[in-house]
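Listed here are the chains, written in short residue letters.
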Amino acid sequence: MFSSNSRSIVRYSILRRLKSTLVVAEHNNEALNPVTQNAITAAKKIGGDVTVLVAGTKCGPASEAVAKVQGVSKVLVAESDAFNGFTAESLTPLVLAVQNQFKFTHILAGATAFGKNVLPRVAAKLDVSPISEIIDVKSEDTFVRTIYAGNAVLTFKSKDPVKVITIRGTNFEAAPTNGSAKIEQAPAGDYKTDLTQFVSQELTKSDRPELASAKVIISGGRGLKSGENFKLLYDLADKFGAAVGASRAAVDAGYVPNDLQIGQTGKIVAPELYIAVGISGAIQHLAGMKDSKTIVAINKDPEAPIFQIADYGLVADLFKAIPELTEKL
Ligand SMILES: Cc1cc2nc3c(=O)[nH]c(=O)nc-3n(C[C@H](O)[C@H](O)[C@H](O)COP(=O)(O)OP(=O)(O)OC[C@H]3O[C@@H](n4cnc5c(N)ncnc54)[C@H](O)[C@@H]3O)c2cc1C
């Protein structure tokens, strides 16, 4: 016989046991995008079993990489030409088929172009609200995200039966790779779609580290005055093995391509060291880099707002300071 108190404890522990998360892996068939490991950490924080879905064309190596991530209990693999190009139109029915079979309580992916494309469609089909770009997990139904370009932090509770969530990678450590999960086939089905057809993609090739995973980032703004002058930053970056980023003003002026843009409408980064050169520190830029561990600002205007969040500031002409710094390193 259970007392009502012990009955509710049993019910609570059954609910806890039933909690389970599906992480939709982002990868290029060969290797994982690091954000997948961040999403697995967020899934572990929610609690319950963590299953990872790897869908691709010849994605054996990516599935094996996921199986090694600590905290993953099962990897579901779906290989088909339909997933060529990882289009949301072909992946959404797959995620729904997986959800239909396993009834996860949470579905997660990184808040990248991939995750932001696939998960809102999944949420719409499940008739729940997509929960975008969380920065923390308080409990299985309570999450934290930023609003107003990162100027306010919102803690909110979701009452939806299935929580469909994208996570901000920089706010969750990458889960370590000392696990050994089992690999199984995802539900079979015809996931080909007439809605879209993948034609081709051109990826930027660079010997420099990715902005998302770089430990050091040197960013340039309108103060650089031209694309040619970004060479000053590339020379300094070579000394650090750093990635180079930019403000939107520098991108809009055509100094550098837009995949270097950091900020509210660019990439969100949180490296060990962020050096802002000739950047004023508009809130939209800060939204993308203010979680960096150490921020250094070089600007000739002592009133520039970037100095308010910088750990170290140098009031100087960048055209003098950067070559001197590069030479001394
Ligand atoms: C909806 C919206 C979204 C946006 N999203 C983004 C975003 O994602 N990322 C982003 O960056 N911005 C974004 N912006 C734009 C943002 O508001 C600013 O306009 C932009 O960040 C300014 O870039 P900047 O600091 O390079 O240029 P400026 O504000 O013009 O600053 C240039 C700085 O360089 C300094 N400088 C000039 N010459 C030198 C020199 N010789 N030596 C040293 N310092 C020098 C100046 O003192 C100045 O502080 C967005 C705006 C909107 C409205």
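This is a predicted model, so every value here is computed, not measured. (Residues numbered from 1 in each chain as written. Predicted model: local features only at pLDDT ≥ 70, side-chain atom pairs only at ≥ 80, totals over all residues. Heavy atoms only, no water.)

Caption draft 1: Unusual backbone geometry, seen in detail. In this model, Tyr148 sits at a positive phi of 50°, which is unusual for a non-glycine residue. Classification of Tyr148 by relative accessible area gives exposed; the value is 65%. You will see that Ala149, though not glycine, has its phi angle at about 55°, which is positive. Looking at the secondary structure, you find Ala149 in the loop between β6 (142–147) and β7 (152–157). (Buried < 20%, exposed > 50% of the residue type's maximum accessible area, 1.4 Å probe, protein only. Helix = DSSP H or I, 4+ residues; strand = E, 2+ residues; numbered from the N terminus.)

Caption draft 2: Molecular detail of the packing of aromatic side chains. Within the structure shown, the criterion is met by four aromatic pairs. Measuring from ring centre to ring centre gives 6.1 Å for Phe143 and Phe156, while their planes differ by 50°; the resulting arrangement is tilted. A residue pair is termed long-range when its members are at least 10 positions apart, and Phe143 in strand β6 and Phe156 in strand β7 qualify at 13 residues. Taken individually, Phe143 and Phe156 each receive the classification buried, so the pair is uniform in this respect. (Phe/Tyr/Trp six-rings, centres within 6.5 Å; stacked < 30°, edge-to-face > 60°.)

Caption draft 3: Structural context of the site of the ligand. Around the ligand, 26 residues are found, and the nearest of them are Ser247, Thr265, Ser280, Gln284 and Asn299. The backbone of Lys300 places a nitrogen or oxygen atom 3.1 Å from a nitrogen atom of the ligand. One of the backbone nitrogen or oxygen atoms of Leu318 is found 2.9 Å away from a nitrogen atom of the ligand. If the ligand stood free it would expose 990 Å²; the protein chains cover 77% of that surface. Counting atoms within 2 Å of the grid points, the majority share of the ligand lands in the second largest pocket. Going through the elements one at a time, α7 (248–252), α8 (283–289) and α10 (318–328) are the ones with two or more residues in the shell around the ligand. Across the shell around the ligand, the residue classes tally to seven nonpolar, 13 polar and six charged. (Near = heavy atom within 4 Å. Polar contact = N/O pair within 3.5 Å; in protein donor to acceptor, adjacent residues only side chain to side chain. Areas by Shrake-Rupley, 256 points an atom, 1.4 Å probe, with all protein chains shown as cover. 1 Å grid on protein atoms, 1.4 Å probe; cavity = no way out; pocket = protein on both sides within 12 Å on 5 of 7 lines; lining within 4 Å. Sits in = over half its atoms within 2 Å of the grid points. Nonpolar A, V, L, I, M, F, W, Y, C, P; charged D, E, K, R; others polar.)

Caption draft 4: Quick look at helix α2 (residues 35–46). With 12 residues, α2 ought to run about 16 Å at 1.5 Å a step, and its terminal C-alpha atoms sit 17 Å apart, in line with that. For α2, the tally of buried residues reaches 10 of 12 residues, placing the bulk of the element in the interior. Among all positions in α2, only Val35, Thr36, Gln37, Asn38, Ala39, Ile40, Thr41, Ala42, Ala43 and Ile46 are buried. Gly47 occupies a position one or two residues after α2 and carries a positive phi of about 100°. (Expected span 1.5 Å × (residues − 1).)

Note that all results are geometric; they support no functional claim without further evidence.
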